[in-house]
Number of protein chains: 2
Amino acid sequence: MNETIELLRKHRSIRRYKDTDVPEEHLREIIVTAQAAPTSSNIQAYSVVAVRDPEKRRKFAELAGNQQQVAETPVFLVWCADLNKIRSAVRLHEDTELSQNVELFLLATIDAALAAQNATVAAESLGYGTVYIGGIRNNPQAATDLLELPPLVYPVFGLCVGVPAQDPDIRPRLPIGAVYHRETYSEYGLEDEIRAYDETMSHYYATRKGGGKGGEDETKWSKEMWRRFDGKRQRDHMHDFLHRRGFELK
Amino acid sequence: MNETIELLRKHRSIRRYKDTDVPEEHLREIIVTAQAAPTSSNIQAYSVVAVRDPEKRRKFAELAGNQQQVAETPVFLVWCADLNKIRSAVRLHEDTELSQNVELFLLATIDAALAAQNATVAAESLGYGTVYIGGIRNNPQAATDLLELPPLVYPVFGLCVGVPAQDPDIRPRLPIGAVYHRETYSEYGLEDEIRAYDETMSHYYATRKGGGKGGEDETKWSKEMWRRFDGKRQRDHMHDFLHRRGFELK
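What you see as residue numbers is a count from 1 along each chain, following the sequence as written. Chains and ligands are labelled by the order in which they are written, letters from A for the one and numbers from 1 for the other. A pLDDT threshold of at least 70 governs which residues receive local features in this predicted model, and a stricter bar of 80 or more applies before side-chain atom pairs are shown or counted, although totals over entire chains, interfaces and linings include all residues. With hydrogens and water stripped out, all remaining heavy atoms of the structure feed into the side-chain values.

Peer 1: Explain the overall build of chain A here, please?
Peer 2: In terms of regular secondary structure, chain A is built from 10 helices and 5 strands. Two things to know: the radius of gyration comes from C-alpha atoms, and the globule rule equals 2.2 Å times the number of residues to the power 0.38. For chain A, whose C-alpha radius of gyration is 20 Å, the value lies close to the compact-globule estimate of 18 Å for 250 residues. By principal-axis analysis of the C-alpha atoms, chain A measures approximately 60 × 45 × 40 Å. Relative accessibility under 20% of the residue-type maximum defines a buried residue, over 50% an exposed one, and the middle range a partly exposed one, all with a 1.4 Å probe and only protein chains included. A buried classification covers 57% of the 250 residues belonging to chain A. In short, Shrake-Rupley with a 1.4 Å probe defines the accessible areas, and a residue's cover is counted only from the protein chains shown. Looking at chain A as shown, the accessible area adds up to about 9400 Å², and 46% of this sits on carbon and sulfur atoms. Across chain A, 33 positive and 37 negative side-chain charges occur, with their mean positions spaced 3 Å apart. Under the DSSP-based scheme used, a helix requires at least four consecutive residues in state H or I and a strand at least two consecutive residues in state E, with every element numbered from the N terminus. Only four residue types enter the tally: Lys and Arg on the positive side, Asp and Glu on the negative side, with His and both chain ends excluded. We put the charge of a Lys on NZ, of an Arg on CZ, of an Asp on CG and of a Glu on CD.

So this is what it looks like as structure tokens:
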């Protein structure tokens, strides 16, 4: 196992940070490395806004569902899908609008995700801890207002970056067979893999550093998925929010 | 600059591959490393299908717009957003369906992208070259048929992995100022950054290994964006395709 693979395998979410700054020089190194990520036909349809201001981070922590780590981290990076930039480039040549559809939304969202993951790896290689904050989509309009995002830009997720003040265990993943298929997708054995993972996760929660979580049955992965997704539509405002910001999912 | 950051910065798309296999052992190492990527609340809502069969790769090359590298690469990984797996987990507890919306589509798509980018980094750390193939969305139904994907699974993009048979220059990115914002999004200077990048890209195409591309004006980034996005809706079938596969973008 080489150094890079070892680093990637060691990833875990960090939710407690030391009161230590991330120097601007490191942040720029992280972002230039993010820029080296693949991008669809070089469109680079994303932006990142670094929030250091404590009061603004406090507001982000609150709108993300009181996620204290956002207030605690020295730097909160908000990754945005950005078609405004593409529109600006196009308008250097013609006074026209982009024709929106799901594909364009996908291009920008995926570009943002690939760049953010490069940033995560770069930050961790420098010794920082990270955690993605999808919770900013709880109130994407408030996030948009705080960052003064123009139309055609939406906040996909946040990323805390800072010096870890905790050393949590690595959370086990599904057995490889539940993720990896050869030649064709096979559902054969999926139920068994899920049940095996349920046991793994129960054991993980029972023995992890920092204490357990709920009763044995409550810590099964499949039960967590059931509790989370059964009949509930989450963040049901996203379609209308995106529409208001100029993204058409048609 | 540490070893990992150096590796990430060296990324470039590889479109010519040697006739050398990627051993299954390496492929599994790459995929286990992909699994270590962050995932929204541990839902792991993605799958990857490895296509080695030459005839099937030839079909993928064709449907992606005659992208020869897909036929040439020893392994073509198709990354899929996978809610079927979540549905299977939920149904261990209740005979019910997932309530679809844009948010659920986003969760699965972002999960697939983060895992794929980890796989890309892992593959490159092992000396392989890679290139993402968004072109499989040219005909996502044919891709779905070739992989026998069940409902609630869609192919987001492909990824070629193989031993490089070329050594292309690294393609320059937009100036950091066009991507990186502090505290709030600022459009100040964006036009100048785009014009500066237009010059950088013209120079890159004029001097890169393997020869130039078009006239000077044709190689400007903003002009490429204009040609690509002016009034054209690309892959306009995606909304209906996703709907047929069970994803509701509402």
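And the narrative resumes.
Peer 1: What exactly am I supposed to notice about the pattern of salt bridges here?
Peer 2: Should their charged atoms come close, side chains of opposite charge can pair. Salt bridges are identified by distance alone: a Lys or Arg side-chain nitrogen within 4 Å of an Asp or Glu carboxyl oxygen. As enumerated under the stated definition, the model contains 33 salt bridges over all chains in all. Salt-bridge contacts for Glu 103 of chain A lead to Arg 235 of chain B; the nearest nitrogen and oxygen are separated by 2.7 Å. On the criterion of chain membership, the pair formed by Glu 103 of chain A in helix 6 (residues 102-125) and Arg 235 of chain B in the loop between helix 9 (221-229) and helix 10 (238-244) is interchain, its members lying in two chains. Summarising the burial analysis for this pair, Glu 103 of chain A and Arg 235 of chain B share the class buried.

Peer 1: I would appreciate a short explanation of the relation of the copies chain A and chain B in the present structure.
Peer 2: Copy one and copy two of the chain differ by a rotation about a common axis and a shift along it. When chain A is fitted to chain B, the best match, at an RMSD of 0.0 Å, comes from turning it 180° and sliding it 0.0 Å along the axis. Here the transformation between the copies is reduced to the relation of a two-fold axis. Proximity to the rotation axis, assessed at the C-alpha, singles out Thr 4 of chain A in chain A; its C-alpha lies 2.8 Å from the axis. Working rule for contacts: check all heavy atoms of both residues, and any pair within 4.5 Å makes them a contact. Taken as a fraction of all interface residues of chain A, those also at the interface in chain B reach 100%, which identifies the copy contact as same-surface. For the least-squares superposition of copies, only C-alpha atoms count, and only for residues with pLDDT at least 70 in both.

Peer 1: Even after reading the chapter, I still don't get the interface of chain A and chain B, so can you show me in this structure?
Peer 2: Interface size is often expressed as the accessible area that is lost when the parts come together. Of the residues lining the interface, 118 residues belong to chain A; the matching set on chain B comes to 118 residues. Throughout, buried area stands for the accessible area (probe radius 1.4 Å) lost by two parts on being put together, summed over both. Here chain A and chain B share an interface that buries about 10600 Å² over both sides, 59% of which is from carbon and sulfur atoms. When residues of chain A are sorted by the area they lose upon contact with chain B, Arg 173, Glu 183 and Tyr 185 of chain A head the list and together hold 7% of the total. The interface formed by chain A and chain B contains 7 salt bridges. For the salt bridge of Glu 103 of chain B with Arg 137 of chain A, the shortest nitrogen-to-oxygen distance reads 2.8 Å. Sort the elements by how many residues they give to the side of chain A that touches chain B and helix 6 of chain A lands first, with 15 residues. Of the residues belonging to the side of chain A that touches chain B, the class tally is 60 nonpolar, 28 polar and 30 charged. Basically, the charged four are Asp, Glu, Lys and Arg, the nonpolar ten are Ala, Val, Leu, Ile, Met, Phe, Trp, Tyr, Cys and Pro, and anything else, Gly included, counts as polar.

Peer 1: Help me out: how do you make sense of the domain arrangement of chain A in this one?
Peer 2: Per the domain assignment, the segments of chain A are domain 1 (3-168 + 233-244) and domain 2 (176-219). Marked domain ranges trace back to an automatic or database domain assignment. For domain 1 of chain A versus domain 2 of chain A, the distance between C-alpha centres works out to 29 Å.

Peer 1: Looking at this structure, I do not really get the packing of helix 6 of chain A against helix 6 (residues 102-125) of chain B. What am I missing?
Peer 2: Angle between the axes and distance between the axes: these two values describe a pair of packed helices. Where helices are involved, their axes are fitted lines through C-alpha atoms of the stretch in contact, as for all axes, and angles between N-to-C directions lie from 0 to 180°. Contact geometry of helix 6 of chain A with helix 6 of chain B gives a least axis separation of 9 Å together with a crossing angle of 45°. Judged by the angle between their axes, helix 6 of chain A and helix 6 of chain B are oblique. The hand of the helix 6 of chain A/helix 6 of chain B crossing is right-handed. Taken together, the residues of helix 6 of chain B that come into contact with helix 6 of chain A (itself represented by Phe 105, Leu 106, Thr 109, Ile 110, Ala 113, Leu 114, Gln 117, Asn 118 and Val 121 of chain A) are Phe 105, Leu 106, Thr 109, Ile 110, Ala 113, Leu 114, Gln 117, Asn 118 and Val 121 of chain B. Counted by class, the contact of helix 6 of chain A with helix 6 of chain B contains 12 nonpolar, 6 polar and no charged residues. Angle categories are assigned with fixed cut-offs, so that under 35 degrees is roughly parallel, over 145 is roughly antiparallel, 65 to 115 is roughly perpendicular, and the rest are oblique. Each crossing gets its handedness from the near helix: less than a right angle anticlockwise from the far helix is left-handed, clockwise is right-handed.

Peer 1: When you look at the packing of helix 3 (residues 54-63) of chain B against helix 7 (residues 140-147) of chain B in this model, what are you seeing that I'm missing?
Peer 2: Residues and elements named next belong to chain B. It is at 10 Å that the axes of helix 3 and helix 7 come closest, and there the two elements cross at 170°. One way to sum up the angle between helix 3 and helix 7 is to call them roughly antiparallel. Every residue of helix 7 that contacts helix 3 at Lys 56, Lys 59, Phe 60 and Leu 63 is listed here: Ala 142, Ala 143, Leu 146 and Leu 147. Within the contact of helix 3 with helix 7, the residues separate by chemical class into 6 nonpolar, no polar and 2 charged.

Peer 1: What's the story with the sheet that holds strand 4 (residues 153-162) of chain B in this structure? I'm lost.
Peer 2: The pairing criterion is simple: DSSP has to find at least two bridges between the two strands. Across the sheet, 5 strands lie side by side as 5(A)-1(B)-2(B)-4(B)-3(B); this open sheet has mixed pairing. Strand pairing shows two members of the sheet lacking a second neighbour, strand 5 (180-182) of chain A together with strand 3 (129-133) of chain B, which therefore form its edges. When the angles between neighbouring strand axes are averaged without regard to direction, this sheet yields 25°. Most of the contacts of helix 2 (residues 24-35) of chain B go to strand 5 of chain A, to which it runs at about 145°, and overall it touches strand 5 of chain A together with strand 1 (46-51), strand 2 (75-82) and strand 4 of chain B. Across the sheet, helix 7 of chain B lies against strand 1, strand 2 and strand 4 of chain B, angled at about 75° from strand 4 of chain B, the strand it touches most.

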